[in-house]
Amino acid sequence: MPSNILLVDDDDLVRESLKRILEYNKIRVMTVCCVGFAKEALRLNDFSAVVSDVRMPDGTGVELHEWVAEHHPHLSRKFFFCSGGMSSELEAYISKSGCRLFNKPIDWNALVEAIHAVRSPSSPKLIAPDGASTRGL
């Protein structure tokens, strides 16, 4: 059964590349470009996991994770961070959270395996908020 994941990254090229790789590996993906759209997508859908960039123009992946832990606690340990570099404070938070960090360039195989390891058995239809891409779903 395919996984439904939310992919959050402000870089169009990274977001679309990751989406293609994940979909090739039978993972259904909704993409959004910022923390605000991610929260809206999470309000409207059930996801198996969240993959989030650490730094975005409207907030951080850490802020998103804190929101997810409060509003969707079942996803707080199914949250994957991706980063091309970060501060020691962010790194300490991620380590303490128990979530996995994938440094860019991302090891695609490891990310796919991690997502499949936490996927849920159901795969509901995704509802896209404004600014989201569900192309290929």
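Residues numbered from 1 in each chain as written. Predicted model: local features only at pLDDT ≥ 70, side-chain atom pairs only at ≥ 80, totals over all residues. Heavy atoms only, no water.

A. The overall build of the protein chain, seen in detail. Counting its regular elements, the protein chain contains 5 helices and 7 strands. When its helices and strands are written in sequence order, the protein chain yields β-α-β-α-β-β-β-α-β-α-β-α. Of the contacts made within the protein chain by residues no fewer than 6 positions apart, 68% connect residues no fewer than 24 positions apart. (Helix = DSSP H or I, 4+ residues; strand = E, 2+ residues; numbered from the N terminus. Contact = heavy atoms within 4.5 Å.)

B. The pattern of salt bridges, seen in detail. Going through the model one piece at a time under the given rule, you end up with 5 salt bridges. Where Asp 9 meets Lys 104, a salt bridge forms, and the shortest distance between an N and an O atom there is 3.0 Å. On the criterion of sequence distance, the pair formed by Asp 9 in the loop between strand E1 (3-8) and helix H1 (12-24) and Lys 104 in the loop between strand E7 (100-103) and helix H5 (108-118) is long-range, its members being 95 residues apart. In this structure Asp 9 comes out as buried when scored by relative accessible area, which is 1%. Residue classification places Lys 104 among the partly exposed residues on the basis of a relative accessible area of 27%. Put simply, Arg 15 and Asp 12 hold a salt bridge, and the shortest N to O gap is 2.5 Å. Of the two residues, Arg 15 and Asp 12 are both situated in helix H1; the distance of 3 residues between them amounts to about one turn of the helix. Salt bridges sharing common partners tie together Asp 9, Asp 53 and Lys 104. (Salt bridge = Lys/Arg side-chain N within 4 Å of Asp/Glu carboxyl O. Buried < 20%, exposed > 50% of the residue type's maximum accessible area, 1.4 Å probe, protein only.)

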